[in-house]
2 protein chains.
Amino acid sequence: MALYVHKYGGTSVGNVERIRHVADRILHARDGGDQLVVVVSAMSGETNRLVSMANELQDRPDPREMDVLLSTGEQVTIALLCMALQQRGCPACSYTGGQVRILTDAAHTKARILDIDTERMQADLAQGRVVVVAGFQGVTGEGDITTLGRGGSDTTAVALAAALKADECLIYTDVDGVYTTDPRVEPRARRLDRITFEEMLELASQGSRVLQIRSVEFAGKYNVPLRVLSSFTEGHGTLISYEEEENVEKPLISGIAFNRDEAKLTILGVPDRPGNAYKILGPIAEANIEVDMIVQNVAADATTDFTFTVHRAEYKKALDILSRLRDDLGAREVTSDDTIVKVSLVGVGMRSHAGVASQMFAALARESINIQMISTSEIKISVVVNEKYLELAVRTLHDAFKLDQA
Amino acid sequence: MALYVHKYGGTSVGNVERIRHVADRILHARDGGDQLVVVVSAMSGETNRLVSMANELQDRPDPREMDVLLSTGEQVTIALLCMALQQRGCPACSYTGGQVRILTDAAHTKARILDIDTERMQADLAQGRVVVVAGFQGVTGEGDITTLGRGGSDTTAVALAAALKADECLIYTDVDGVYTTDPRVEPRARRLDRITFEEMLELASQGSRVLQIRSVEFAGKYNVPLRVLSSFTEGHGTLISYEEEENVEKPLISGIAFNRDEAKLTILGVPDRPGNAYKILGPIAEANIEVDMIVQNVAADATTDFTFTVHRAEYKKALDILSRLRDDLGAREVTSDDTIVKVSLVGVGMRSHAGVASQMFAALARESINIQMISTSEIKISVVVNEKYLELAVRTLHDAFKLDQA
């Protein structure tokens, strides 16, 4: 007998009809005799409805009260899903985050899970009940309600799977798995059967929004096999786990991620002195601007050119700061460009294979796509190109690395 | 410095605009330097919305899950009201029933309060905060969410007032107090400044739905002065408390209640033997039919006529049971009438004044209103009449006892 954690997002439980559908799916999954813990989000639209009332009443809604308010969304879903299960003759019992004691810190609206008490869930499972838990929420040691922030229901599911030592955590969503790249850009994109935690983390941080980064990190840390699959269609989805045994041949490249919302800033001719990188990025960080890629080259004249990318929404703010810094640093010039995108190749296979980068650059060159920046990690190569090349670059690389073939 | 408990019903917090209005009212009440605990219901319409989803999913929604579902209604309101108060610079903190540990038994959907932990509320009040508590809900010793059933928010307010030893419990609603009778029937009906717990109980049980019976009982038991007043208009409402000092002259009659939804059943010619009343009412009680008035007369031929009234919705069910019982009991006949109403005079003053009943019957006789049944208690006289006489009977009695005059 295996133990599985299922998680259904807001779209999957968006109305009474869909909740019935989820109940059917759970019953089907339970037919094999396995134990099930189910984590659900708020019905889609509900969170927005609550947030808009809060915004009408307080300029900056109090985080503690916001958590009291928003946590009702999942609480409604757990009760409704249990009713649907019971109607089908399936014993089920609901719990809020506070009731199963998902203990968190007190960082309201972005709390972190500290501990989970599994006693009551284990007792229910032993009695043959399906345990339905509200995602996204927890409780502090003082009994205050907290929420985990965006994508928090995924984190709840993974944390429960880790605490219960579940065999697998299945994340049901509106896509049927992780793809080699976005099928809207490359119609020949292929669903991956398996992918490693590291690859998933890179894909997620590079713009593939199937799973929230935090839940993937959590799953990796506690070695919880994660499966992403659709709650609307059949299929096995994509399994995210640690690398398979060494004798299995790994694919060179798993997928291509991209990010449309980048902007690039360069400060040219900075005298090459220690501490300059900090002098540039310190004020940027203080302004709460998140920096993505950073590239620095030393020029022949003992000055350096320093380039970094930021989210396009923070481009103007970053440019203002850089312009003010120019004289202090004795730099020559500030240039910038908010018409760039980032395209990344991701794959654990590139660890043990040389030549992936050159193969990538050759493919882009054949299409005359100019590469403005390059950044690499052990399992990822990212390039910055002009936004007009995004689709062409993705398709070219998808083809060059034969990602449409299993 | 006094401590007050305010309670605002669903209509009073029905939308964001009204929640703002309640916040203004609380601020005004707090200007005098008093401490405030505020109990709120779900926004009007919210409970119905949730119930209808539950009914779509389960034929008889599970009581435990129903409580999980419905308790979200008040939880939304407490958060929104705290936001509105904080926006006005008033420190406020919200609590669900579980968080202030309104401990109840496990009778889901109709739980009874066993204990309240006031420690956290006292600490907040000492810090100058307004404490906002979700009405209608509690928690069992095992941590399961419970609700108190209809009118439960009133009960929460009274229970908190008792536990905190509050100076007064103010129930804000959509009427501005308790009236001598329903102003829609008798336009000269007058708002009462004061009324006793006993009178309020009789009025409530006789159809005056300003307050739920349970909350009045609770207030009487713990001697919590209750005030009913409007959240939409100014005014002092009606204070419900124990009798004033003996030297204050009590009004003979406080008010006239009536109940339109009655039906009458009679079983005629039952042999007058011990245990027959139980043989008749036992099966009625087993069918969960609530019996209101019961009247029994012994006839000259050693048989008895047994009459009782039930809610009109249960008339047919009760009639079926009686018809089946007739032969077993050796009774002669079953008669019934579902076109009756009950009209009651209520007043603690009638305890010490003879002749109220005869004055009542004389007034009705002058208008040729036939009395079908009579039932009396120490502070109440009820008569059953044909429904066509309801308005005439109420106005006649209102006039006969000069209730329009203070």
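Look above for the structure.
Keep in mind it's a predicted model, so treat the numbers as computed, not measured.

Novice: So, the overall build of chain A: which residues are in play, and what are the values?
Specialist: Of regular secondary structure, chain A possesses eleven helices and 18 strands. Scaling as 2.2 N^0.38, a compact globule of 406 residues should have a C-alpha radius of gyration of about 22 Å, and chain A matches this with 24 Å. Each of the three principal axes of chain A carries a C-alpha extent, and together these read 75 × 55 × 35 Å. Counting over 406 residues, chain A shows a buried share of 47%. Pairs at least 24 residues apart make up 74% of the contacts formed inside chain A by residues separated by at least 6 positions.

Novice: Can you tell me about the interface of chain B and chain A, naming the residues and giving the values?
Specialist: Contacts between chain B and chain A engage 29 residues on the former and 29 residues on the latter. For the side of chain B that touches chain A, the elements supplying multiple residues, two or more each, are helix H1 (16-30), helix H2 (46-57) and helix H3 (63-87) of chain B. Of all the elements, H3 of chain B adds the most residues to the side of chain B that touches chain A, at 14 residues. Class assignment of the residues belonging to the side of chain B that touches chain A gives a composition of 16 nonpolar, eight polar and five charged.

Novice: Any details on the sheet that holds strand E11 (residues 226-230) of chain B? Residues and values, ideally.
Specialist: All names here are of chain B. In spatial order, the strands read E3-E6-E2-E1-E9-E11-E12-E10; together these eight strands make up an open sheet with mixed pairing. Strand pairing shows two members of the sheet lacking a second neighbour, strand E3 (92-95) and strand E10 (194-196), which therefore form its edges. Averaged over neighbouring strand pairs, the angle between their axes works out to 20° when direction is ignored. Where E3 and strand E6 (residues 130-134) come together, four bridges link them in parallel fashion. Counterpart to Ser94 in the pairing with E6 is Val132. Where helix H4 (residues 119-126) meets the sheet, it contacts strand E2 (35-40), E3 and E6, and its direction lies at approximately 150° from that of E6.

Rules used throughout
Residues numbered from 1 in each chain as written. Chains lettered and ligands numbered in written order. Predicted model: local features only at pLDDT ≥ 70, side-chain atom pairs only at ≥ 80, totals over all residues. Helix = DSSP H or I, 4+ residues; strand = E, 2+ residues; numbered from the N terminus. Rg over C-alpha atoms; globule rule 2.2 N^0.38 Å. Buried ≥ 20, exposed ≤ 12 C-beta atoms within 10 Å, placed from the backbone. Contact = placed C-beta atoms within 7 Å. Nonpolar A, V, L, I, M, F, W, Y, C, P; charged D, E, K, R; others polar. Pairing = 2+ DSSP bridges. Axes fitted to C-alpha atoms, helices over the stretch in contact; angles between N-to-C directions.

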